[in-house]
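# Structural characterization, general
In case you want the letters, here they are:
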Amino acid sequence: MRTRVLVVLGLCLGVAACSGYRQPPTAFHETLTQPYRLDSSDRLRIIVFGQDDLSNTYVVDQAGYISFPLIGSVAARGKTQQGLASEISAKLKQGYIRDPDVSVEVDTYRPIFIMGEVQNAGQYNYVAGMTVQNAIATAGGFSSRAQQSNVDITRQLNGEILNGRVPISDPIRPGDTIYVRERYF
């Protein structure tokens, strides 16, 4: 009897180990309620009120910086829009503008990537409030072999890469990679 229990337990553990993915960690979904953090490829509209020559659109480069007139490179990666505005304002205050009023808005979010069993896999623009289902529709919908109830998402959080399997109704974030698996039957 004890041998049977151990064999069944061993089989269950073996099958569980083959699944590859577990439920996403809690931090995976916590990012959805936190303020948006800037990263490379985000296109920003920065307005310095009363200074038309400084107001423009800027792209966060691969190193995570923007190049801003007068003050040079400013680190943007990992900052909120308000945090970046405060930093630019503080640097402009150091001998350039007496009391700068700076606003930062995301003009275009970094892209999402959709792979696997969709009609047109590739890179797509992220739209605020987008769900997995919206993203798959953007990629032309599911292929005939697609597993349609859930997908695998790879998301970067504070330099750490997280993987999780989520239902297609889940919201996504800019920079996410969505993988639609093939169904078994």
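Residues numbered from 1 in each chain as written. Predicted model: local features only at pLDDT ≥ 70, side-chain atom pairs only at ≥ 80, totals over all residues. Heavy atoms only, no water.

Now for the layout of surface pockets. A water-sized probe rolled over the atoms picks out the places where empty space is left. By volume, the largest pocket is sized at about 590 Å³. As for the largest pocket, its lining consists of 26 residues, of which D39, R110, Q156, L157 and P174 are closest to the centre. Tallied by class, the residues present in the lining of the largest pocket amount to 8 nonpolar, 11 polar and 7 charged. (1 Å grid on protein atoms, 1.4 Å probe; cavity = no way out; pocket = protein on both sides within 12 Å on 5 of 7 lines; lining within 4 Å. Points joined across faces, edges and corners; volume = space filled by probe spheres on them. Nonpolar A, V, L, I, M, F, W, Y, C, P; charged D, E, K, R; others polar.)

So, on to helix α3 (residues 81-93). Its 13 residues give α3 an end-to-end C-alpha distance of 18 Å, which sits within 8% of 18 Å, the value for a rise of 1.5 Å per residue. For α3, every residue scored as buried is listed here: L84, A85, I88, S89 and L92. Summarising the axial view, the buried residues of α3 lie within an arc of 135°, below the 170-degree limit, and thus occupy one face. Those residues of α3 hidden inside the fold are in contact with β1 (43-48), β3 (65-68), β4 (72-75) and β5 (102-108). Two residues or fewer after α3 comes G95, characterised by a positive phi angle close to 100°. (Helix = DSSP H or I, 4+ residues; strand = E, 2+ residues; numbered from the N terminus. Expected span 1.5 Å × (residues − 1). Buried < 20%, exposed > 50% of the residue type's maximum accessible area, 1.4 Å probe, protein only. Arc of directions from axis to C-beta. Contact = heavy atoms within 4.5 Å.)

All right, on to the sheet that holds strand β9 (residues 160-167) then. Taken in spatial order, the 5 strands make up an open sheet running β7-β6-β10-β8-β9, and their pairing is mixed. Since the sheet does not close on itself, it has two edges, and those belong to β7 (122-124) and β9, each with one partner. Strand-to-strand twist of the sheet, defined as the mean angle between neighbouring strand axes without regard to direction, takes the value 25°. Of the strand pairs in this sheet, strand β6 (residues 112-116) and β7 are connected by 3 bridges, and their pairing is antiparallel. Residue pairing in the sheet places F113 in a bridge with Q123 of β7. (Pairing = 2+ DSSP bridges. Axes fitted to C-alpha atoms, helices over the stretch in contact; angles between N-to-C directions.)

Let us look at the sheet that holds β5. A sheet is described by the order of its strands in space; here 3 strands give the open sequence β2-β1-β5, paired in antiparallel fashion. Only two strands of the sheet have a single neighbouring strand rather than two, namely β2 (56-59) and β5. Shown here is a sheet whose adjacent strand axes are inclined to one another by a mean of 30°, direction ignored. Both β1 and β2 contribute to a ladder of 4 bridges, which runs antiparallel. Note that in β2 the partner of R45 across the bridge is T57. Running at roughly 135° to β5, α3 makes contact with β1 and β5 of the sheet.

For the coordinates displayed, the defined rule picks out 12 salt bridges. With a shortest N-O distance of 3.1 Å, R45 and E105 are connected by a salt bridge. With R45 in strand β1 and E105 in strand β5, the pair connects residues that are 60 residues apart, well separated along the chain. When its relative accessible area of 32% is taken as the criterion, R45 is described as partly exposed. The salt bridge partner of R145 is E117, with a shortest N-O separation of 3.2 Å. Here E117 lies in the loop between β6 and β7 and R145 lies in the loop between α4 (132-138) and β8 (150-157), a separation of 28 residues in the sequence. The class for R145 is partly exposed, based on a relative accessible area of 44%. Look at E117 and you get buried, because its relative accessible area is 13%. Among the ionic contacts, a cluster of salt bridges with common partners joins R43, R45, E105 and D107. (Salt bridge = Lys/Arg side-chain N within 4 Å of Asp/Glu carboxyl O.)

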